[in-house]
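Structural features, examined
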2 protein chains.
Amino acid sequence: MTYCIAINTDQGLVFCSDSRTNAGFDNISIYQKTHTFTWPGERVFALLSAGNLGTTQAVVKQLRYDIEQQAPVNLYSVPTLLGAADYVASISTAIQKQHMARDMAHTNFEATFILGGQIGSARPETLLIYPQGNYIHESNAHPFLQIGEIKYGKPILDRLIRRDTALVDAARCALVSINSTTRSNLTVGPPIDLLVYARDSLNFERRMLLEEDDPFAKQLAEAWNRALVEAVHNLPSFPWES
Amino acid sequence: MTYCIAINTDQGLVFCSDSRTNAGFDNISIYQKTHTFTWPGERVFALLSAGNLGTTQAVVKQLRYDIEQQAPVNLYSVPTLLGAADYVASISTAIQKQHMARDMAHTNFEATFILGGQIGSARPETLLIYPQGNYIHESNAHPFLQIGEIKYGKPILDRLIRRDTALVDAARCALVSINSTTRSNLTVGPPIDLLVYARDSLNFERRMLLEEDDPFAKQLAEAWNRALVEAVHNLPSFPWES
């Protein structure tokens, strides 16, 4: 399984992903799921991936190949984020169809992506691309997107993330959301990839890869645990406690 | 859907359940899912139910009927909590088989239960009874059980619940776990049924039914939201913040 988050705030974007893949319970590997495409000063994209690893790897390879070959449509040529999402969707569905045509075992080749970034002075955007090739963007009422094992880490995002949440708080919130998920579900695991994009910077300058024993990650997890214990203890008293 | 929790601490038991049932998206009703069986000073049981409402109602009815009729095996006669779980499991599977025999549409008649309580001076216990009729109990490493829509509310329990957690804190934690779930998933909803059992009291004296607009429930949800915002804000700073 996988868990990836993208948050779109007034101050910029947060991308966060785990790195565990599993093909069955006893076949577990580490693959990073955040892929970046950067033209400093011009445009930046981050692509987060979940689903069939053969499909997601093939999609990323094709995206890079199209850039190298200066294909008529590529991530450097698309005029908008929506156009970029449509282009990624067309590659994803083409690869799935190709693999399905060879399949003899009703294999699930589906992959889901989150694509986010900024092109020039346009507003930063995030889009969730479904395996079927359609896509949705985040909204003012719900300024984050999730793919993979989303339930464990959703409550903290639902409670805290607004458009006007400070970018650093959104990043901390994403780490807590992932940490909650890795603690409660073994199919999601470190290292945790965190990418924080300041709006209009048109470059990815703030990225952390947090291994299981990373001091910052441990400090954060311990501080969060302490805060929650205290928060529960300080909640209103029951009538029978007085 | 449904969400029910049972927590077994050194000081006693906590039971918490939502009250939303749905047969399809547009057929939503309110049914309480915590059923109590009490012989003050002698024995107490709480039964939490999830799954097919026809099955869970029939099981509860049969349990009460067996008590009234003084059947050879009933909740007043069983010598242990394990025996009680086995008895509930036998009724549940018998009812499922009866309904399946009449079925013409591959209907899912499955039901899952949590049974908890105390018999005389024996240690309080909680057991999760699967639709298949087998059961598991909680453990020192994992002193809580959940049924239904369990993922949203699991991280807070994983982080906080230990055997030595104070009973009132365990109860507050259960309410937070349910509140997180009702906020993030529409199939789980109020009123919230909270039952707190002090070990060796052999009676159910502390029960709250919290409607959506209950002042205590609102106060608790707001206090929790405020505490989380503050907790995220007070987490360790990123290297680039200094």
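This text follows the structure it describes.
These notes cover the structure that comes with them. (Residues numbered from 1 in each chain as written. Chains lettered and ligands numbered in written order. Predicted model: local features only at pLDDT ≥ 70, side-chain atom pairs only at ≥ 80, totals over all residues. Heavy atoms only, no water.)

**Brief notes about the interface of chain B and chain A**
The interface is formed by 44 residues belonging to chain B together with 44 residues belonging to chain A. For the pair chain B and chain A, the summed buried surface comes to about 4300 Å²; carbon and sulfur atoms form 68% of the total. In this structure, the connection of chain B to chain A is made through 4 salt bridges. For the side of chain B that touches chain A, the element with the highest residue contribution is helix α5 (residues 215-233) of chain B, accounting for 12 residues. When the residues that make up the side of chain B that touches chain A are grouped by side-chain class, the tally is 26 nonpolar, 7 polar and 11 charged. (Contact = heavy atoms within 4.5 Å. Buried area = accessible area lost by both parts, 1.4 Å probe. Salt bridge = Lys/Arg side-chain N within 4 Å of Asp/Glu carboxyl O. Helix = DSSP H or I, 4+ residues; strand = E, 2+ residues; numbered from the N terminus. Nonpolar A, V, L, I, M, F, W, Y, C, P; charged D, E, K, R; others polar.)

**Brief notes about the packing of helix α1 (residues 53-68) of chain B against helix α2 (residues 81-102) of chain B**
All names here are of chain B. Where α1 meets α2, the axes come as close as 9 Å, and the angle between the chain directions of the two elements is 130°. Relative to α2, the element α1 is oriented oblique. For α1 against α2, the interelement crossing comes out right-handed. Facing α1, whose interface residues are G54, T55, A58, V59, Q62, L63 and D66, α2 presents Y87, V88, I91, S92, I95, Q96 and H99. Looking at the contact of α1 with α2, its residues break down into 7 nonpolar, 6 polar and 1 charged. (Axes fitted to C-alpha atoms, helices over the stretch in contact; angles between N-to-C directions. Parallel < 35°, antiparallel > 145°, perpendicular 65-115°, else oblique. Left-handed = near helix turned anticlockwise from the far one by under 90°.)

**Quick notes on α5(B)**
Taking 1.5 Å as the rise per residue, α5(B) with 19 residues should run 27 Å; its terminal C-alpha atoms sit 27 Å apart, in good agreement. Residues of α5(B) that are buried include every one of F216(B), L220(B), A221(B), A223(B), W224(B), N225(B), L228(B), A231(B) and V232(B), and no others. Elements in contact with the buried residues of α5(B): α3 (154-160), α4 (167-184) and α5 (215-233) of chain A together with α3 (154-160), α4 (167-184) and β12 (206-210) of chain B. (Expected span 1.5 Å × (residues − 1). Buried < 20%, exposed > 50% of the residue type's maximum accessible area, 1.4 Å probe, protein only.)

**Brief notes about the pairing of strand β6 (residues 43-51) of chain A**
All names here are of chain A. Most of β6 is tucked away, with 8 of its 9 residues classed as buried. Pairing analysis gives 6 bridges linking strand β5 (residues 34-39) to β6, with the strands arranged antiparallel. Across the sheet, T38 pairs through a bridge with V44, a residue of β6. Hairpin geometry of β5 and β6 is characterised by an intervening segment of 3 residues between the two adjacent antiparallel strands and by a positive phi of about 85° at G41. In this structure, β6 lies alongside strand β7 (residues 111-119), joined through 9 bridges in antiparallel fashion. Considered in β7, the bridge of S49 is made with F113. (Pairing = 2+ DSSP bridges.)

**Focus: the state of the cysteines**
Residue and element names in this part refer to chain B. Inspection of every chain in the model, using the stated rule, returns 0 disulfides over all chains. The structure places no disulfide on C4, whose sulfur is separated from the nearest cysteine sulfur, that of C16, by 8.6 Å. We classify C16 as buried; its relative accessible area is 0%. (Disulfide = S-S within 2.5 Å.)

**Details of the sheet that holds strand β2 (residues 12-17) of chain B**
All names here are of chain B. Taken in spatial order, the 5 strands line up as β10-β1-β2-β11-β12 in an open sheet, and their pairing is antiparallel. In this open sheet, the two strands that pair with only one neighbour each are β10 (144-148) and β12. Taking the axes of each pair of neighbouring strands and ignoring which way they run, one obtains an average angle of 10° across the sheet. With 6 bridges joining them, strand β1 (residues 3-9) and β2 adopt antiparallel strand pairing. Paired with I5 across the bridge in β2 is C16.

**Some remarks on the relation of the copies chain B and chain A**
When chain B is fitted onto chain A, the two copies agree to an RMSD of 0.0 Å after a turn of 180° and an axial shift of 0.0 Å. Such a turn and shift between the copies fits a two-fold axis. For chain B, the smallest separation between a C-alpha atom and the rotation axis is recorded for Y152(B), amounting to 2.3 Å. Of the interface residues in chain B, 100% have counterparts in chain A that sit at the interface too, so the contact is made through matching surfaces. (Least-squares fit on C-alpha atoms with pLDDT ≥ 70 in both.)

**Here we look at α2(B)**
Residues and elements named next belong to chain B. In a regular helix each residue adds 1.5 Å, so 22 residues correspond to 32 Å; α2 covers 32 Å between its end C-alpha atoms and thus fits that length. Listed in full, the buried residues belonging to α2 are L81, A84, A85, Y87, V88, A89, I91, S92, T93, I95, Q96 and H99. Buried positions along α2 lie against β6 (43-51), α1, β7 (111-119), β8 (125-129) and β9 (135-137).

**Digging into the packing of α4(B) against α5(B)**
Residues and elements named next belong to chain B. Put simply, α4 and α5 touch, their axes get as near as 11 Å, and they point 85° apart. In this view, α4 runs roughly perpendicular relative to α5, as classed from their interaxial angle. Listed contacts from α5 to L175, V176, N179 and R183 of α4 are F216, L220, A221, W224 and N225. A per-class count over the contact of α4 with α5 returns 6 nonpolar, 2 polar and 1 charged.

**A short note on the pattern of salt bridges**
The full count for this structure, using the stated rule, is 16 salt bridges over all chains. Notably, a salt bridge pairs E138(A) with R123(A), separated by 4.0 Å at the nearest N-O pair. Of this pair, E138(A) sits in the loop between β9 (135-137) and β10 (144-148) while R123(A) is found in the loop between β7 and β8 (125-129), placing the two residues 15 residues apart along the sequence. Taking the shortest distance from any N to any O, the salt bridge between D158(B) and K154(B) comes out at 3.0 Å. Of this pair, D158(B) and K154(B) both sit in helix α3, separated by 4 residues, roughly a single helical turn. One exposure class covers both D158(B) and K154(B), and it is buried. Among the ionic contacts, a cluster of salt bridges with common partners joins R123(A), E138(A) and R163(A).

**Concerning the sheet that holds strand β12 (residues 206-210) of chain A**
All names here are of chain A. Pairing in this open sheet of 5 strands is antiparallel, and the strands run β10-β1-β2-β11-β12 from one edge to the other. The open sheet has two edge strands, β10 and β12, and neither has a second partner. For this sheet, the mean inter-axis angle between neighbouring strands, taken without regard to orientation, is 10°.

**Quick notes on the environment of G133(A)**
All names here are of chain A. As for its position among the elements, G133 is in the loop between β8 and β9. Here the alpha-carbon distance between G133 and V232, two residues 99 residues apart in the chain, equals 43 Å. Beyond its immediate sequence surroundings of up to four residues, G133 is in contact with A89 and T93.

So, to be careful, I would describe these as geometric facts and stop short of saying anything about function.
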